[in-house]
Every structure is written in C-alpha cells, then in structure tokens.
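# Overview (structure and organization)
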Amino acid sequence: MAENIRMDSHKLIYHPETVSRWLKGENIYPIEIEISPSGTCNHRCIFCAVDYIGYQPDFLKKATILRDVSHMAKNGLRSVICSGEGEPLLNKDMPEIANGIKACGVDVAMSTNGVLFTADRIKECLGSFSWVRYSIASMEQNSYDKIQRGKAGDLEKVKENLIEAVRFKRDKGLETTLGVQCLLMPDNVGQLPDMAETLQKIGVDYLTIKPYSQHLHSKNRFEIDYEEMLDLEKQLKEYATDKFAIYFRASAMKKMHHDKCYKQCYGLPFMTHIDAKGNVWPCVAHIGNAQLCYGNINEQPFAQIWEGTKRQEVMERLNQMDINKACREACRLDEINKYLDELKHPGRHVNFI
C-alpha cells in the first residue's frame, strides 16, 4: 500500500506523456483538480488553513462541475479531489457529484471530517470513490473537541460512520481506500498511539500523521517543534499490519523552516483548485487574492479560463514571486517541483545512465 500511495512523494512519474508535453511548452490541462463542493463547515478546527475566508454558505452546482469535468476528461484530467475550504457533504448534491464525476471516467476522492458520512450517504456514493480520507484530530473526546470544535457527540458519530464504511466496503467488495489523516499537534500527540490501535481494530486501511503548515493568510498561528515529536513514529509503527498502514510523515516534518531548492512552482499546470464560489485558483495557498484568480466557472467554461490570457498573466505574476515567501512550507507540490526542476535543469552527465 505504501508504494501505491506514495504519501511523501509524487506520482508524475506515471504521467510521462503529459510531462513531456509540458517540457515542450504546451498548454497542458490539469491531471488533478481539487474542488470545494461546500464553502461552509460544521467544524471550526483550530488548525483550519482557510478560516480567513469566513465559512461562507456557498455551494458548487452539480451541473456546472460535471459540465467542466466532462470536457476536461477529454483533455487529460484524471482525478478530482472533493475537499477545499468546507465540509463537502454539506453540499446536498455531493453523492450525485461524486457519482457523476466517476461516470465521466475520472477518478474521484473525498476528504471529510466524517460526521455527515452516514450509512445512507455511504450507500449512495462510497463505490464511486477511489479513496475517502477522514480528517480526525484524535479518538479521545477532550482532545478531539478542543481541536475540531464541532458539536457534542460528533466523535461518536464519526466512529459509527467509520465502522459502517468499513462494513459496507467489505460487504460490497469495494476497492475504495479508507484512510484517516491526523494533523500532529501538542494537543493530540499523547493520544495518537491509542488512536492507531482504535483505527486498526475498526479496520480502516491506514492512518497518516502530517505536520501543521502555516497558511499565509490564516488567523490561526502555531509554532510547533516537530523535532521533539519524531520519536512518536516508532510507537505508532507497532500498530501497523499487512492490512493497516501507518504513514508518519517525518520527511515533511523535517522540511519545516527550510528554504525550497527551486525558484518557481513548476507544478501549477498539473493541478488547480476550484472554490465553492466557482473561482479557479492556482492552489489553496492563494485563495482570496483576486490578483491570482484565473476566472470563475459560473461565468465561463473552464476551458476558456484555462486557455485564456488572464491565467497566463497570473502565471507570470506567480513566477516573479519569491517562492519561499509567497508559498506554504511543506507544500503538497514540493516533491513535484523538485522532480520538474531536475527535468528543467539537468546536470552535465545525464547521458551516463
């Protein structure tokens, strides 16, 4: 499972034709897009990166998304992640959005806090997802409530829904990967071994532990020394089995507070983000900065936005920025950028393979 997921690496090596076209200077379409079906959320997590947006009750329209996904699928789109600034399942059309994306021949996945992914919703759409990742800060009540700041009883609902998802997956013989992602913080570090044990018993496929990465505009501010927490990996690995993987993202933690080794973000043409208002952004880091918005899919089709002059102007503006000041640490495009930077700037002896 670890080799397939490549949690701390990247998967561009599996798309050589698209990479080759990019190297030639062609205007490629994204391989992956992230969409925000909902702008609002039923939690107010203390680590939320996009708290500054204000949890607005905006929702992407099913017809608009499927219109553009259908077209993008013919131009290289391979996957859609339903995540973003809010809880996807607050969009009443989320099951139909997921099923519709899959029907377009595009892989679809979802990140959720799990409270609303009830038995009914699981039956409606679990089979369409390549993976579902639950964002859970702790399996201990006080720690969970302090970090995720939801409603009373939410943790028990999440546990029940996880159990139901595992049961439904097994009964139907689904290949959907069910994982849990946990942001490592001082308020939950002591509960993680118990959390790993609980999730192993429930039967999810993996638990991944990742570092907090400060968003440039977030109101939340944390200074966390991950060097002091690296020993936790050994404790957690004791719960790993051939059916339950532990991904402790130590390499991402060690990247914190270190400058990037490349000068610009080469990965932006390979993925993009669409927020709940329909705005198309280079990535989550720049949501809200009107100067860096490509356009809006409620006003014009994605193809016109992607092939338009405004996107090229935004890309030029981004390429002039200091990437170590304008972007987040431990960015999800970091490994992609290292790879593409090497391809753009090969050494003198590359022919000696």
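Please refer to the structure higher up on the page.
Notes on the structure in this doc start here. (Residues numbered from 1 in each chain as written. Predicted model: local features only at pLDDT ≥ 70, side-chain atom pairs only at ≥ 80, totals over all residues. Heavy atoms only, no water.)

### Describing the overall build of the chain
Stated precisely, the cut-off is as follows: Starting at the N terminus, helices and strands are each numbered in turn, a helix being any DSSP run of H or I of at least four residues and a strand any DSSP run of E of at least two. It is over C-alpha atoms that the radius of gyration is taken, and the globule rule equals 2.2 Å times the number of residues to the power 0.38. Burial status follows relative accessibility: with a 1.4 Å probe on protein chains alone, a residue under 20% of its type maximum counts as buried, one over 50% as exposed, and anything between as partly exposed. Contacts are assigned to residue pairs with any non-hydrogen atoms lying within 4.5 Å of each other. Every accessible area reported is derived by Shrake-Rupley at a probe size of 1.4 Å, with residue values counting cover from the shown protein chains alone.
Secondary structure assignment for the chain yields 14 helices and 10 strands. Over its C-alpha atoms the chain spans a radius of gyration of 20 Å, differing by no more than 12% from the 20 Å that the globule rule assigns to 353 residues. Taken along its principal axes, the extent of the C-alpha atoms in the chain is 50 × 45 × 40 Å. Per-residue burial over the chain gives 53% buried out of 353 residues. For the chain, the proportion of contacts with a sequence separation of at least 24, taken over those separated by at least 6, is 73%. Carbon and sulfur atoms provide 47% of the accessible area of the chain, an area that totals close to 17,000 Å².

### A look at the pairing of strand β2 (residues 79–82)
Cut-off, in case you're wondering: Strands are treated as partners if at least two bridges between them are detected by DSSP. For the handedness criterion, the strands are oriented away from the viewer, and a crossover whose path from the first strand over the helix to the second runs clockwise is classed as right-handed.
Neither face of β2 is open: one carries Ser-79 and Ile-81, the other Val-80 and Cys-82, and all of them are buried. Taken together, the 4 bridges between strand β1 (residues 32–35) and β2 define a ladder with parallel strand orientation. Along β2, the bridge assignment pairs Ile-35 with Cys-82. Regarding the hand of the β-α-β motif, the stretch spanning β1, helix α3 (residues 62–73) and β2 is right-handed.

### Thoughts on helix α14 (residues 334–344)
Of the positions making up α14, those classed as buried are Asp-334, Glu-335, Ile-336, Asn-337, Leu-340 and Asp-341. Where α14 is buried, its residues meet α2 (16–23).

### Examining the packing of α2 against α14
Formally: Here, axes are lines fitted to C-alpha atoms. For helices the fit covers the stretch in contact, and angles between N-to-C directions go from 0 to 180 degrees. Any angle that falls under 35 degrees is termed roughly parallel, while one over 145 is termed roughly antiparallel, one within 65 to 115 roughly perpendicular, and all others oblique. The hand of a helix crossing depends on one turn: near helix anticlockwise from the far one by less than a right angle means left-handed, and clockwise means right-handed. All amino acids are sorted into three groups, where Ala, Val, Leu, Ile, Met, Phe, Trp, Tyr, Cys and Pro are nonpolar, Asp, Glu, Lys and Arg are charged, and the leftover types, Gly among them, are polar.
At a minimum axis distance of 11 Å, the contact between α2 and α14 shows a crossing angle of 55°. The orientation of α2 relative to α14 falls into the category oblique. In this structure, the crossing between α2 and α14 has a hand that is right-handed. Counted together, Val-19, Trp-22 and Leu-23 of α2 and Leu-340, Leu-343 and Lys-344 of α14 form the full contact between these two elements. In terms of residue class, the contact of α2 with α14 is made up of 5 nonpolar, no polar and 1 charged.

### Structural notes on the side chain of Ser-143
Formally: In the analysis that follows, any N or O atom pair within 3.5 Å is treated as a polar contact, provided that within protein one partner can donate a hydrogen and the other can accept it, and provided that, for residues neighboring in sequence, both atoms belong to side chains.
By the secondary structure assignment, Ser-143 is in helix α6 (residues 141–148). By relative accessible area, Ser-143 is classed as buried at 5%. Among the polar contacts made by the side chain of Ser-143, one reaches the main-chain carbonyl oxygen of Asp-187 at a distance of 2.8 Å. Here Ser-143 is in contact with Ser-138, Asp-187, Asn-188 and Gln-191, once residues within four sequence places are set aside.

### Examining the sheet that holds β2
Pairing within the open sheet is mixed, and its 10 strands lie in the order β7-β6-β5-β4-β3-β2-β1-β8-β9-β10. In this open sheet, the two edge strands, each paired with only one partner strand, are β7 (245–248) and β10 (295–296). Alignment of β1 against strand β8 (residues 271–274), held across 4 bridges, turns out to be parallel. Counted as the bridge partner of Glu-32 is Met-271 from β8. Packing against the sheet, helix α7 (residues 154–172) makes contact with β4 (129–135) and β5 (177–183), and its axis sits at approximately 155° to β5.

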